[in-house]
Amino acid sequence: MRARQLNHLWLLISLGAILMVSAVRILTGAHGIDSIGTIRAAIIATCPILMAAIGGLWSERAGVVNIGLEGQMILGTWGAAYFTYYYGPWVGVFGAALLGAVGGLLHALATVTFGVDHIVSGVAINIIGLGASRFLAEAYFTDLEGGGIKQLTGLETPTRVTIPGISDGAEYLADKHWFLVSDLASLVGAMTTDLSLFTVLVAALVIASAWILWRSTFGLRLRSCGENPAAAESLGVNVYRYKYAAVVVSGAMAGIGGGFLALVSSSGFTTGQTNGRGFIGLAAMIFGNWRPGGTTAGALLFGYTDSLQLRDSTSVHALLLIVGIGLVALALWRLRQGKTTTAIVMGALGVAFLVWFLTTDSVPKEFAGMTPYIATLLVLALAAQRLRMPAADGLRYRRGQSI
Amino acid sequence: MSATATSDAVLLQGIAKRFPGVIANHDVDITIRSGTVHALIGENGAGKSTLMKILYGVQKPDEGTITVDGQTVTFGSPTDAIARGIGMVFQHFMLADNLTVLENVVLGAEKLHGIGEKARSAVEQISTTYGFGLDPDALVEDLGVGDRQRVEILKVLYRGARIIILDEPTAVLVPQEVESLFDNLRVLKAEGHTILFISHKLDEVLDIADDITVMRRGTTVGEAKPDSITKHELAELMVGSELPSPETEESTVTDEVQLSLENVTVADARGRRLCAEVTFTIHRGEVLGIAGVEGNGQAELVETIIGMRKVATGRIRLGSEDMTAWGTRARREAGIGYIPEDRQRHGLLLDSPLWENRILGHQTQPPSVKGPWIDRAGAGSDTERIVKEYDVRTPSIETVARALSGGNQQKLIVGREMSGQPVLLIASHPTRGVDVGAQAAIWGYIKDARRDGLAVLLISADLDELIGLSDRIEVILRGRLVGEFDPQSVTPQDLGAAMTGANEATA
């Protein structure tokens, strides 16, 4: 009952968003905001963030805050590059998961066995990940073909597929720039043209994670460790073991996200190419209220703004209008709920964005680069009040501490 | 059933358990007959909980034997005890709030019926058989205390327990909820289950138990049948001396208003009202008691008066001054003392010495400070005074608060809050979890202060305490004051009915 209402709400919000984007596109003539190319780029930008976020979901559902996602992702980029160079891209994906899992294991060892503060351990892992990847790159990639002390390019990428009939048809419709029809066609087109099988794997991993965490015995026990570990222990759940499993899987997921960056987003390894995506993933998970559906929506939002900055500046300019309308709509909704203060702040921000849109013709390039981070801040500031994290998330647990 | 009722379910013989520096249990002998409700009573610290943890496999006894259904057993962990058909319901519920009833029940026992439809129907069946009336898909956080307790019992039954240990199950319940718990227990007994019921509430024990065992200072000191012993005899057996009572003497109420609330409404972040249009006054020399089932807004009301929560609408006056907009520090400096509901979370720094704890809440006033600096000597000597006057049993004022027993921690807090001539004392469950001796002492301090003209707001779940100490009792239900009672004439049953809204239809 509760779930069905939620699904309806999500459906309505998605539909409203598509309608708004479509209307803005017609109004401004910035057809780039949802062209096939933009959506493809958005999907590619989303996948690494989404994998980091799903990694965070695994870990935090078991009660361990993993801000080491960034470091585990970096380890994943190196693992993907190394294993792809010698054994091909699919072994590369496995290598990314392996290196990420090593980072996760380190975090589990520190937080679960030794009871180190989760944030301290996470920060350490981020630093270790960055340092280790630099060292490993210099040690192993310098003498390789396409390699250097900071990079390894020219890697083989996972297979891409295009579904012939649908892809062409969707592209034809999308180019017509019709209201709504073309927008939907763009979506279909982006998913049927030159789609990397790695993207399909990411989608499969997200669905599998949601299924395991919420529908299996293993998942129930894992989540109980994040809600009330003492209760779980009193019922014979080995809390340490489940926390270990969760954090190692978390690292592997983040590692795969790093692998996606190296193999699909850029077809090559560069040190530091994650550029904060692990943290954005964490933000996406929080935005998604520690649920898989919301987390995916958050990752898509961040992925979209991330990709848009690389596109033409008219699209970024049109984005101002979308953000403005969105904020004003949210403000009205809050006003109806009786949240006057929040409504006023949001409304003022929304109006500011609208004024900005109306008084300018373009957005400075430097600002475009900041879009994803500003979006992160705005979204979290607006969503933070209704979030519910696992009750024992981030708390140190010692066996037998309360019974 | 009658055949098994005569055999023994559990036999504890010569049980002893020592912790570094303490003997928790020694020479404990208990015989629990199958198919009965067996009550284990004793003061706090008498060793009841340790004994039950031994029976449930959480701790291992140093000496003695445990016999279950005629077989001698040793338990390495609760899992072994569960395998022998023993289940335990802890005093502090072991439930994950954000999971459903079903998820909480099947957790750890997924092998029995999985976690899907089969498990759901098994849970529903148990719930119906014993009249629990639980919805498997409800979130535990949406349930009341009584229902949560039923979830805990359901958990134990789901695992096939025949012997159920209930650790102070009525501590968190109002009389009506206690009645329905007892109805559940009677059904369980009729179905052949054995129940071990731990309590220190004698009326309840006499009501439900078939056999009673009394513990004092770590050992069993007597056994009794409820029909051949009086409450008074039991009490003397339990404490080894005369029971104290919270009776107040003649009224000291003046007509000078010390605290007044006018239509105070408090809301949470989502705009839900926690307290709605609360209006009352407390005079100098008056104790106003607030009765209510936990979670009905009394905690929020207290936090509002001390300034930890904001008032949505309404006014709060201290004497003649409007203090609605004051911060917590200003309120404390104006003479409000506060005994918080949870002394370990809100009242003390457990790992700090007593003299530092003395400074808490008085960090702007002498003798704790001199100018911008902490006055160690002043705070220290004042702590010595509190230790002496309030009989805080501690080796020294350098001892950390954690090392003190609950009663002594509470006496330290009472002493601290009474220092600096307060005009208003907010006492939230002032004797919760303290032993009978400390309880009597704390009652004495409150009575003395009242005689000296202190206004007291008393919140308590112990209805005898409320009736004994208060000059007036207000009942809070769902954030509203729903009735005023005169403690001279009210009974716990009347209060319980008002607290649960049972008399709403007639009122």
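Residues numbered from 1 in each chain as written. Chains lettered and ligands numbered in written order. Predicted model: local features only at pLDDT ≥ 70, side-chain atom pairs only at ≥ 80, totals over all residues. Heavy atoms only, no water.

Of the regular secondary structure elements, chain A holds 16 helices and four strands. Scaling as 2.2 N^0.38, a compact globule of 403 residues should have a C-alpha radius of gyration of about 22 Å, and chain A matches this with 22 Å. Overall size of chain A, expressed as C-alpha extent along the three principal axes, is 60 × 60 × 40 Å. Relative to its 403 residues, chain A shows a buried fraction of 52%. (Helix = DSSP H or I, 4+ residues; strand = E, 2+ residues; numbered from the N terminus. Rg over C-alpha atoms; globule rule 2.2 N^0.38 Å. Buried < 20%, exposed > 50% of the residue type's maximum accessible area, 1.4 Å probe, protein only.)

As a further point, take the sheet that holds strand β21 (residues 472-477) of chain B. The pairing of strands in a sheet happens through backbone hydrogen bonds and is either parallel or antiparallel. Residues and elements named next belong to chain B. Pairing is mixed across the open sheet formed by six strands, whose spatial order is β16-β19-β20-β13-β21-β22. Each edge of the open sheet is held by one strand with a lone partner, namely β16 (336-339) and β22 (480-485). Across the sheet, the mean angle separating the axes of adjacent strands is 20 degrees when strand polarity is ignored. The pairing of strand β19 (residues 424-428) with strand β20 (residues 455-459) spans five bridges and is parallel. Within β20, the position partnered with S428 by the bridge is I459. Helix α19 (residues 492-500) contacts β13 (287-291), β21 and β22 of the sheet and is inclined by roughly 30 degrees relative to β21. (Pairing = 2+ DSSP bridges. Axes fitted to C-alpha atoms, helices over the stretch in contact; angles between N-to-C directions. Contact = heavy atoms within 4.5 Å.)

Residues and elements named next belong to chain B. With domains assigned, chain B is organised as domain 1 (2-239), domain 2 (244-335 + 423-432 + 452-507) and domain 3 (341-420). Domain 1 and domain 2 are separated by 34 Å when their C-alpha centres are compared. The interface of domain 1 with domain 2 comprises four residues on the first partner and eight residues on the second. In total, about 540 Å² of surface goes out of reach between domain 1 and domain 2, with carbon and sulfur atoms giving 69% of it. Looking only at domain 1, the three residues that lose the most surface to domain 2 are V174, P175 and Q176, adding up to 68% of its buried area. Remark: the boundary between domain 1 and domain 2 carries zero salt bridges. In this structure, the connection of domain 1 to domain 2 is made through zero residue pairs in polar contact (both at pLDDT 80 or more). Of the residues contributing to the side of domain 1 that touches domain 2, the split by class is two nonpolar, one polar and one charged. (Domains from an automatic or database assignment. Buried area = accessible area lost by both parts, 1.4 Å probe. Salt bridge = Lys/Arg side-chain N within 4 Å of Asp/Glu carboxyl O. Polar contact = N/O pair within 3.5 Å; in protein donor to acceptor, adjacent residues only side chain to side chain. Nonpolar A, V, L, I, M, F, W, Y, C, P; charged D, E, K, R; others polar.)

Taken together, the contacts link 26 residues of chain B with 21 residues of chain A. Buried surface at the junction of chain B and chain A, summed over both partners, amounts to about 1,900 Å²; 60% is from carbon and sulfur atoms. The largest per-residue losses of area from chain B upon contact with chain A belong to B:M94, B:N98 and B:L107, which jointly make up 29% of the total buried on that side. Here chain B and chain A share three salt bridges between them. At the junction of chain B with chain A, the criterion picks out six residue pairs in polar contact (both at pLDDT 80 or more). Broken down by element, the side of chain B that touches chain A gets its largest block of residues, three residues, from helix α4 (residues 101-106) of chain B. Of the residues contributing to the side of chain B that touches chain A, the split by class is 13 nonpolar, four polar and nine charged.

This part covers unusual backbone geometry. Phi is positive for A:N289, close to 60 degrees, though the residue is something other than glycine. The residue A:N289 is located in the loop between α12 (277-287) and α13 (292-308) in this model. Positioned with a positive phi, B:N263 is a non-glycine residue whose angle comes to about 45 degrees.

Our next topic: the nonpolar core. Membership of the largest hydrophobic core comes to 126 residues, with the highest contact counts inside it found for B:Y158, B:L185, B:F197 and B:I212. The leading source of residues in this core is helix α11 (residues 239-265) of chain A, at 14 residues. When neighbours within four sequence positions are excluded, B:F197 is seen to be in contact with B:V37, B:H38, B:A39, B:L40, B:L166, B:P169, B:T170, B:F182, B:L185, B:E204, B:V205 and B:I208. Within the second largest apolar cluster, 42 residues are counted, among which are B:V293, B:I359, B:I413 and B:V456. (Core = buried A, V, L, I, M, F, W, Y, C linked by side-chain atoms within 4.5 Å.)

The next subject is the domain arrangement of chain A. What the domain assignment reports for chain A is domain 1 (32-290) and domain 2 (312-388). Centre-to-centre separation of domain 1 of chain A and domain 2 of chain A, based on C-alpha positions: 28 Å.

With that settled, consider the packing of aromatic side chains. Residues and elements named next belong to chain A. For the structure shown, the criterion picks out 19 aromatic pairs over all chains. Ring geometry for W90 and F198: centres 6.4 Å apart, planes at 55 degrees, overall tilted. With W90 in helix α4 (residues 89-113) and F198 in helix α8 (residues 197-215), the pair connects residues that are 108 residues apart, well separated along the chain. Through pairs of rings, three or more aromatic residues link up here, namely W78, Y82, F83, Y85, Y86, Y87, Y140, F141 and F269. (Phe/Tyr/Trp six-rings, centres within 6.5 Å; stacked < 30°, edge-to-face > 60°.)

It is worth spelling out the pattern of salt bridges at this point. Residue and element names in this part refer to chain B. With the rule as written, the count across this model stands at 39 salt bridges over all chains. Across the pair R120 and D137 runs a salt bridge, and its minimum N-O distance is 2.6 Å. Taken as a pair, R120 in helix α6 (residues 117-129) and D137 in the loop between α6 and α7 (145-158) lie far apart in primary sequence, 17 residues in all. Among the residues examined, D137 registers a relative accessible area of 41% and is labelled partly exposed. The partner of D382 in a salt bridge is R358, and the shortest N-O contact between them spans 2.6 Å. Of the two residues, D382 is situated in helix α15 (residues 376-389) and R358 in helix α14 (residues 354-359); the sequence distance between them amounts to 24 residues. On the basis of relative accessibility, which here comes to 12%, the residue D382 falls in the buried class. Residue R358 is classed as buried on the basis of its relative accessible area of 3%.

Further remarks concern a nonpolar patch on the surface. All names here are of chain A. A cluster of nonpolar side chains, contributed by Y85, Y86, Y87, V91, F94, L98 and V102, occupies part of the molecular surface with about 690 Å² of accessible area. Those elements giving two or more residues to the nonpolar patch turn out to be α3 (69-87) and α4. Inspection of the secondary structure assignment puts V91 in helix α4. (Patch = residues over 30% accessible without salt bridge, like charges linked within 9 Å, V, L, I, M, F, W, Y side chains within 5 Å. Areas by Shrake-Rupley, 256 points an atom, 1.4 Å probe, with all protein chains shown as cover.)

Considering all chains together, one arrives at three cavities of 30 Å³ or more under this definition. Of the voids in this model, the largest cavity is the one considered here, and its volume is about 110 Å³. In this structure, the largest cavity is lined by 14 residues; those nearest its centre are A:L235, B:Y56, B:M88, B:K155 and B:V156. Sorting the residues of the lining of the largest cavity by element identifies β6 (86-89) and α7 of chain B as the ones contributing at least two each. Its boundaries defined by the atoms lining it, the second largest cavity holds a volume of some 70 Å³. Mapped by element, the contributors of at least two residues to the lining of the second largest cavity are α2 (36-61) and β3 (195-196) of chain A. The greatest single-element share of the lining of the second largest cavity, amounting to three residues, is contributed by α2(A). (1 Å grid on protein atoms, 1.4 Å probe; cavity = no way out; pocket = protein on both sides within 12 Å on 5 of 7 lines; lining within 4 Å. Points joined across faces, edges and corners; volume = space filled by probe spheres on them.)

For the rest of this paragraph, the subject is helix α16 (residues 406-418) of chain B. Since there are 3.6 residues in each turn of an α-helix, residues three or four apart along the chain are aligned in direction. Residues and elements named next belong to chain B. Compared with an ideal rise of 1.5 Å per residue, which puts 13 residues at 18 Å, α16 spans 18 Å between its outermost C-alpha atoms and is within 8% of the ideal. α16 sits mainly inside the fold: 12 of its 13 residues count as buried. Among all positions of α16, only G407, N408, Q409, Q410, K411, L412, I413, V414, G415, R416, E417 and M418 are buried. Once α16 ends, the next one or two residues include G420, with phi positive near 80 degrees. (Expected span 1.5 Å × (residues − 1).)

We now examine the confidence of the model for chain B. When the pLDDT values of chain B are averaged, the result is 85; 94% of them are 70 or greater. Segment residues 1-5 of chain B: pLDDT under 50, and six contacts once partners within four positions in sequence are set aside and those in other chains are kept. (pLDDT = per-residue confidence, 0-100.)

A separate point is the packing of α13(A) against helix α14 (residues 313-337) of chain A. Residues and elements named next belong to chain A. The interhelical angle for the contact between α13 and α14, taken along N-to-C directions, is 140 degrees, at an axis separation of 9 Å. Compared by their axis directions, α13 and α14 come out oblique. Every residue of α14 that contacts α13 at Y304, T305 and L308 is listed here: S315, V316 and L319. Across the contact of α13 with α14, the residue classes tally to four nonpolar, two polar and no charged. (Parallel < 35°, antiparallel > 145°, perpendicular 65-115°, else oblique.)

All right, on to the sheet that holds strand β12 (residues 273-283) of chain B then. All names here are of chain B. Read across the sheet, four strands follow the order β12-β11-β14-β15 without closing on themselves; strand pairing throughout is antiparallel. Only two strands of the sheet have a single partner each, and these edge strands are β12 and β15 (321-322). Of the pairings in the sheet, the one linking strand β11 (residues 257-267) to strand β14 (residues 313-318) comprises five bridges and is antiparallel in character. Within β14, the residue paired with E262 across the bridge is R315. Contacts between helix α11 (residues 298-306) and the sheet are confined to β11, β12 and β14, with β12 contributing the most and set at about 60 degrees to the helix.

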